[in-house]
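Observations on chain architecture
Each chain is listed here by its residues.
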Amino acid sequence: MSKRRTHSASFKKKVALEAIREELTMAELSRKHQLHASQIKTWKRVLTHESDELFGSKRKGNRGAASSLGLEDKQRDELLRIIGKLQVENEFLKKTLS
């Protein structure tokens, strides 16, 4: 009986990115890397779900750019409100000028 193979994180990431790009079919990727298609699908799913968490604002200790500027929640909310208002005004002006 053969030993179980282990793969480095960089290899898993490389294979998952290839699967996301969809330049090759799952069968071709399986043959190329000598892996089962379900393993590639699992790594692809992990990469896509964890990247959402990586860039999301729900991470502990990370509140995005506002946190790095030292802004409080009230200040951040106020700035977001102002940005939203400006976006609406900008869209209105674009529509009236065209």
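Summary of the structure given here.

The rules behind these values
- In every chain, residue numbers begin from 1 and rise along the written sequence.
- Reporting of local features is limited, given that this is a predicted model, to residues whose pLDDT is at least 70; pairs of side-chain atoms are given and counted only at 80 or more, and all residues count toward the totals for whole chains, interfaces and linings.
- Values reported for side chains reflect all heavy atoms of the structure, with hydrogen atoms and water molecules removed beforehand.
- We count a stretch as a helix when DSSP gives it H or I for four or more residues in a row; a strand needs E for two or more, and each element gets its number in order from the N terminus.
- Exposure classes here rest on a 1.4 Å probe applied to the protein chains alone. A residue is buried below 20% of its type maximum, exposed above 50%, and partly exposed in between.
- Expected span, for any helix, means 1.5 Å times one less than how many residues it has.
- The arc refers to the directions leading from the helix axis to the C-beta atoms.
- By definition in these notes, contact holds between two residues if any of their heavy atoms fall within 4.5 Å.
- Here the aromatic set is Phe, Tyr and Trp, taking the six-membered ring for Trp, and pairing holds for ring centres within 6.5 Å; pairs whose planes are under 30 degrees apart are stacked, those over 60 apart are edge-to-face, and all others are tilted.

**Here we look at unusual backbone geometry**
Of note in this structure, E22 is not a glycine but carries a positive phi near 55 degrees. Structurally, E22 is set in the loop between α1 (9–21) and α2 (26–33). Residue classification places E22 among the exposed residues on the basis of a relative accessible area of 57%.

**Comments concerning α1**
Between its terminal C-alpha atoms α1 stretches 18 Å, which fits the 18 Å expected from 13 residues at 1.5 Å a residue. The set of residues buried in α1 consists of V15, A16, E18 and A19. Axial view of α1: buried residues confined to an arc of 155 degrees, hence all on one face. Against the buried residues of α1 lie α2 and α3 (37–55). A positive phi of about 55 degrees marks E22, the residue just after α1.

**Some points on the packing of aromatic side chains**
For the structure shown, the criterion picks out 1 aromatic pair. Both rings, one in F11 and one in W43, keep their centres 6.2 Å apart while their planes meet at 85 degrees; by these two values the pair is edge-to-face. You can see F11 sitting in helix α1 and its partner W43 sitting in helix α3, a full 32 residues away along the chain. Taking the relative accessible area as the measure of exposure, F11 reaches 21% and is therefore partly exposed.

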